[in-house]
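# Architecture at a glance
Here's the letter readout for the chains.
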Amino acid sequence: MTELIAFGILSFTTFFTIINPLGVMPIFMTMTSELDQASRKATAKKAIIASFVTIILFAFTGQILFKFFGISVNSFRVVGGIIFFLMGMDMLQARLGKVKVQEAEIKTYVNDISITPLAIPMICGPGAITNAIVMMEDAQSVEMQAVLIGAIVLVMGITLAILLSAGKIIKILGQTGNNVLMRLMGLIIMVIAIEFFLSGFKPIFQDIIAGR
């Protein structure tokens with residue numbers, strides 16, 4: 001039971017910090033500024049559903065992809081650790097994201113922004129996909145897999161609630177509060193990145209030493 005709780009907390013923490021709904025929130029507000037309230041809610045719900053399906057799909061098919069391309073889980077952990085660390089660095093410097101959408105472009109795909117770029121790659125980006133594959137590999141039992149899926153559902157639910165309440169939250173936090181929270185999450189994700197990197201690098205290094 002203790003192991004399940006620890007795994008659940010780790011799953012929730014990693015997905016929440018990687019998806020970073022508070023960082024997505026201002027971008028969501030900018031991209032949907034020309035939509036009415038009903039359309040904005042529909043866009044948020046569609047983005048969350050698309051993100052959830054994508055993450056679950058990669059979580060359960062990750063091993064098939066590994067075998068097809070001849071990739072080891074440890075190598076993926078090393079790469080994932082590097083990706084997480086770079087994301088954490090950006091968050092630590094309070095950068096909201098690298099995806100910039102011009103006003104003219106928003107009008108072009110206003111009916112489909114819930115899939116791209118909101119769901120992919122803003123919510124479900126390389127970090128979230130990598131984390132889903134690695135965490136599912138670490139889930140050694142059906143119970144742990146259920147806990148992982150539950151953590152993903154919880155994070156997606158919180159993300160949806162934040163997006164639906166984006167206008168009110170931004171007014172309460174202000175720019176300074178939002179930056180402080182982003183820096184704290186960036187620090188957490190950098191620590192997680194080091195753990196991911198070391199957990200993948202250690203067995204690879206041991207194999208090299210052993211001459212395999």
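The structure contained in this document is the topic of the report that follows. (Residues numbered from 1 in each chain as written. Predicted model: local features only at pLDDT ≥ 70, side-chain atom pairs only at ≥ 80, totals over all residues. Heavy atoms only, no water.)

The next thing to look at is the overall build of the protein. When you go through the protein residue by residue, the secondary structure sums to nine helices and zero strands. Counting only residues that meet the buried cut, the protein has 42% of its 212 residues in that class. For the protein, the computed accessible surface area is about 11300 Å², with 68% contributed by carbon and sulfur atoms. (Helix = DSSP H or I, 4+ residues; strand = E, 2+ residues; numbered from the N terminus. Buried < 20%, exposed > 50% of the residue type's maximum accessible area, 1.4 Å probe, protein only. Areas by Shrake-Rupley, 256 points an atom, 1.4 Å probe, with all protein chains shown as cover.)

It is worth spelling out the environment of Ala151 at this point. Take Ala151: it is sitting in helix H8 (residues 142-164). Taking the C-alpha atoms as reference points, Ala151 and Thr14, separated by 137 residues in sequence, lie 9.8 Å from one another. With near-sequence residues (within four places) excluded, Ala151 lies in contact with Gly8, Ser11 and Phe12. (Contact = heavy atoms within 4.5 Å.)

Moving on, we come to the nonpolar core. Ranked by internal contacts, the top residues of the largest apolar core, which has 49 residues, are Phe15, Ile19, Ile55 and Ile123. Counting only elements with at least two residues in this core, the list comes to helix H1 (2-19), helix H2 (21-31), helix H3 (37-69), helix H4 (73-92), helix H6 (114-123), helix H7 (126-138), H8 and helix H9 (166-210). What Ile55 contacts, discounting residues up to four positions off in sequence, is Phe15, Ile19, Cys124, Ala128, Ala132, Ile152 and Met156. (Core = buried A, V, L, I, M, F, W, Y, C linked by side-chain atoms within 4.5 Å.)

It is the contact of H1 with H8, at a shortest axis distance of 9 Å, that shows an interaxial angle of 35°. Seen from above, H1 lies across H8 with right-handed handedness. For the pair H1 and H8, contact is made by Glu3, Leu4, Phe7, Gly8, Ser11, Phe12, Phe15, Phe16 and Ile19 and by Glu143, Met144, Val147, Leu148, Ala151, Ile152, Leu154, Val155, Met156, Ile158 and Thr159, respectively. Its residues placed into classes, the contact of H1 with H8 shows 15 nonpolar, three polar and two charged. (Axes fitted to C-alpha atoms, helices over the stretch in contact; angles between N-to-C directions. Left-handed = near helix turned anticlockwise from the far one by under 90°. Nonpolar A, V, L, I, M, F, W, Y, C, P; charged D, E, K, R; others polar.)

With that out of the way, let us pick up the packing of aromatic side chains. Tallied over the full model, the rule gives four aromatic pairs. Relative to Phe69, the ring of Phe68 has its centre 5.0 Å away and its plane inclined at 90°; by these criteria the two rings are edge-to-face. Taking relative accessible area as the criterion, Phe68 reaches 66% and is therefore assigned exposed. Taking the relative accessible area as the measure of exposure, Phe69 reaches 55% and is therefore exposed. (Phe/Tyr/Trp six-rings, centres within 6.5 Å; stacked < 30°, edge-to-face > 60°.)

Moving on to H1. Under the 1.5 Å per step criterion, the end-to-end length of H1 is 26 Å for 18 residues, consistent within 8% with the ideal 26 Å. All of the buried residues in H1 are Phe7, Gly8, Ser11, Thr14, Phe15, Phe16, Thr17, Ile18 and Ile19. The positive-phi residue at the C-terminal boundary of H1 is Asn20, with phi of around 50°. (Expected span 1.5 Å × (residues − 1).)

On to the packing of H1 against H7. Taken N-terminus to C-terminus, the directions of H1 and H7 make an angle of 170°; their axes are 9 Å apart at the nearest point. Taken together, H1 and H7 sit at an angle that is classed as roughly antiparallel. The residues of H7 that touch H1, namely those facing Phe7, Leu10, Ser11, Thr14, Phe15, Ile18 and Ile19, are Gly127, Ala128, Asn131, Ala132, Met135 and Asp138. Looking at the contact of H1 with H7, its residues break down into eight nonpolar, four polar and one charged. (Parallel < 35°, antiparallel > 145°, perpendicular 65-115°, else oblique.)

Along the chain, Thr130 falls in helix H7. A relative accessible area of 6% means that Thr130 is categorised as buried. With near-sequence residues (within four places) excluded, Thr130 lies in contact with Phe76, Gly80, Ile83 and Phe84.

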